[in-house]
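Structural description and commentary
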Amino acid sequence: MISDKTPSVAVIGLGYIGLPTAAVIARSGCNVLGIDVTEHVVETINNGKIHIEEVDLDGLVQGVVSRGLLRASLKFEPADVFVIAVPTPFKDNHVPDLSYVLEATANVAKVLKAGDTVILESTSPVGTTEQMRDLIAEMRPDLDVPGICEGTPNIAIAYCPERVLPGKILEELIKNDCSIGGITPRCARKALAFYKRFVRGECVTTTARAAEMTKLVENSYRDVNIAFANELSIISDDMGLDVWEVISLANRHPRVNILQPGPGVGGHCIAVDPWFIIHGSPENSPLIKTARNVNDGKIDHVLEQASKMIDENSAQNIACLGLAFKANIDDFRESPALKIAEKLAKRYGSKIKIIEPYANALPNGFDGSDAQLIDIDAALDDCDMFITLVDHDIFKSIPLDERQGKIVYDVRGIWPDQPKTN
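Here goes a summary of the coordinates provided.

**Some details on the nonpolar core**
The biggest cluster of nonpolar side chains holds 42 residues, and the ones touching the most others in it are Val9, Val32, Phe194 and Tyr195. In terms of residue count, helix 1 (residues 18-27) provides more of this core than any other element does, six residues in total. With sequence-adjacent residues up to four places away left out, Val9 is seen in contact with Ile25, Cys30, Asn31, Val32, Leu33, Ala79, Val81, Val83 and Phe194. Counting residues in hydrophobic clusters, the runner-up holds 33 residues, among them Val302, Phe325, Ala345 and Ala371.

**Notes on a negative patch on the surface**
Where like charges cluster on the molecular surface, the negative patch consists of Asp375, Asp377, Asp381, Asp382, Asp401 and Glu402. Elements supplying a minimum of two residues to the negative patch: helix 13 (376-382) and helix 15 (400-403). Among the residues examined, Asp382 registers a relative accessible area of 54% and is labelled exposed.

**Describing unusual backbone geometry**
Not every positive phi belongs to a glycine, and Asn93 is a case in point at roughly 60 degrees. By the secondary structure assignment, Asn93 is in the loop between strand 4 (81-84) and helix 4 (99-111). Judged by relative accessible area, which is 73%, Asn93 ranks as exposed. For His94, which is not glycine, the phi dihedral falls at a positive 60 degrees. With respect to the helices and strands, the residue His94 is situated in the loop between strand 4 and helix 4.

**Quick notes on the pairing of strand 13 (residues 407-410)**
Across the two faces of strand 13 the burial is the same, with Ile407 and Tyr409 and Val408 and Asp410 all buried. Pairing geometry for strand 12 (residues 385-388) and strand 13, over four bridges, is parallel. Bridge pairing in strand 13 links Thr388 to Asp410.

**With respect to the packing of aromatic side chains**
Scanning the model with the defined rule gives four aromatic pairs in all. With centroids separated by 5.3 Å and ring planes inclined at 70 degrees, the aromatic side chains of Phe194 and Tyr195 adopt a geometry described as edge-to-face. The pair Phe194 / Tyr195 is uniform in exposure class, with both members buried. By way of ring pairs, the aromatic residues Phe194, Tyr195 and Phe198 are connected into one cluster.

**Remarks on the sheet that holds strand 9 (residues 318-321)**
On the basis of which strands lie adjacent, the open sheet formed by five strands has the order 11-10-9-12-13 and parallel pairing. Taken across any chain shown, the strands that pair with only one partner, and hence form the sheet edges, are strand 11 (372-373) and strand 13. Summarising the sheet, strand 9 and strand 10 (residues 352-355) pair through four bridges and their orientation is parallel. Looking at the pairing, Leu321 lines up with Ile355 of strand 10.

**Some remarks on the side chain of Asp273**
Here Asp273 lies in helix 10 (residues 273-280). Buried charge Asp273 goes without a salt bridge, the closest partner of opposite sign being Lys215 at 4.5 Å. Residues within four places of Asp273 in sequence aside, it is in contact with Thr123, Lys215, Leu216, Asn219, Ser220 and His268.

**Here's the deal with the environment of Ile35**
Its location among the elements puts Ile35 in strand 2 (residues 32-35). The spatial distance from the C-alpha of Ile35 to the C-alpha of Gly18 is 9.3 Å, given a sequence separation of 17 residues. Those residues in contact with Ile35 that lie beyond four places of it in its chain are Ala10, Val11, Ile12, Gly13, Leu14, Ser73, Leu74, Lys75 and Phe76.

**Things to note about the pattern of salt bridges**
For side chains of opposite charge, pairing can occur when their charged atoms come near one another. The full count for this structure, using the stated rule, is 16 salt bridges. Here Asp80 and Lys5 are joined by a salt bridge, their closest N and O atoms 2.7 Å apart. With Asp80 in the loop between strand 3 (70-73) and strand 4 and Lys5 in the segment before strand 1 (9-12), the pair connects residues that are 75 residues apart, well separated along the chain. Of the residues examined, Asp80 reaches a relative accessible area of 17% and is grouped as buried. Lys5 gets classed as exposed once you look at its relative accessible area, which sits at 52%. In this structure, the salt-bridge partner of Asp331 is Arg333, at a minimum N-O distance of 2.7 Å. Each of the salt bridges in this network shares a partner with another, and the network as a whole consists of Lys5, Asp80, Lys113 and Asp116.

**A few points about the packing of helix 10 against helix 11 (residues 286-312)**
Contact geometry of helix 10 with helix 11 gives a least axis separation of 9 Å together with a crossing angle of 140 degrees. As helix 10 runs across helix 11, the sense of the crossing is left-handed. From helix 10, Pro274, Trp275, Ile277 and Ile278 reach across to helix 11, where they touch Ile288, Lys289, Arg292, Asn293 and Asp296. For the contact of helix 10 with helix 11, the class distribution of residues is five nonpolar, one polar and three charged.

About the cut-offs
Residues numbered from 1 in each chain as written. Predicted model: local features only at pLDDT ≥ 70, side-chain atom pairs only at ≥ 80, totals over all residues. Heavy atoms only, no water. Core = buried A, V, L, I, M, F, W, Y, C linked by side-chain atoms within 4.5 Å. Buried < 20%, exposed > 50% of the residue type's maximum accessible area, 1.4 Å probe, protein only. Helix = DSSP H or I, 4+ residues; strand = E, 2+ residues; numbered from the N terminus. Contact = heavy atoms within 4.5 Å. Patch = residues over 30% accessible without salt bridge, like charges linked within 9 Å, V, L, I, M, F, W, Y side chains within 5 Å. Areas by Shrake-Rupley, 256 points an atom, 1.4 Å probe, with all protein chains shown as cover. Salt bridge = Lys/Arg side-chain N within 4 Å of Asp/Glu carboxyl O. Lys, Arg positive; Asp, Glu negative; His and termini not counted. Charge placed at Lys NZ, Arg CZ, Asp CG, Glu CD. Pairing = 2+ DSSP bridges. Phe/Tyr/Trp six-rings, centres within 6.5 Å; stacked < 30°, edge-to-face > 60°. Axes fitted to C-alpha atoms, helices over the stretch in contact; angles between N-to-C directions. Left-handed = near helix turned anticlockwise from the far one by under 90°. Nonpolar A, V, L, I, M, F, W, Y, C, P; charged D, E, K, R; others polar.

As structure tokens, this is what we get:
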């Protein structure tokens, strides 16, 4: 049952997940404070603008800021509910880096009061929510912390992983089901009451550890299946087969649904989360680790194939289409397309032209190279070779007559009508 009292909410981390989450919560009527470490982000949001690309987010942020329901700050303040949505990358050797989560937790602990709820949304290794609990207990011995205190706890700690798709974040924040894991069942119920304020999907309660593992399993499942498609593409190249035709024919079987291959796997989830499972149980996860290695290895395969085509055809101006980790977004985190384009730029210098409609300038990885950022029309006029690294809609829309005579390495399979290049 939802409490009659509308809680004040603090969302820590205003990136690709935190800002949309803060805006959706504010739209539900809660007063939301967004906290970030970057002054530019805070100023941008307080001016009713956004610093990331996401469908319909600009209008929503402008609306909730103008109504006084959302503001941003560099400083932590008291609230009734704290939602932590900070990065969880990995260090060398794929060891999870929980420093951002624990730093956010420590800052939350300083302003916690009895009755508050702390929720972690960042994708995290199993046991992270318990680490948060232990840190809060250490810093705030005056509070009755769940799972540690002898009597009834007076705060709640829970884990509820985001499971949204870039480009559809606002829609999926509301419609998707939620797995809500509490340190205790009481914690899960309190978090459930909060999410029911703005989530229409089914909210299922469980333990914090089960919810943490669920998110990792979801993304590892995707990674393993993408690895199968990517491995098929490498085998098909070796055998002189069209992998897109092979997959299309195989998928006519009523119980076969092979995914589409690409240049690798990127983003803040699928390319990262499987390592959290591997780190937690390395001796029992050979399949997951192999899939990770296959998908990372696809980058080298594409680079080798592209270089071979450039050299054999004496290509003079090569258009690399896309840098983002997936179509129609401006997110370059862990992007295989970006890694491939950077390496080609270092190898071929000014011959490389980058076409990325979601970028105004080349990322820092191109510093020192002579690669240029140009638009798609200039590429069609001036480039004799095209490498499709991202399936942005604008690239799919290019008709065959504009591609006539071009050397094409279609890594994404976006131009099935393209004559095959020897």
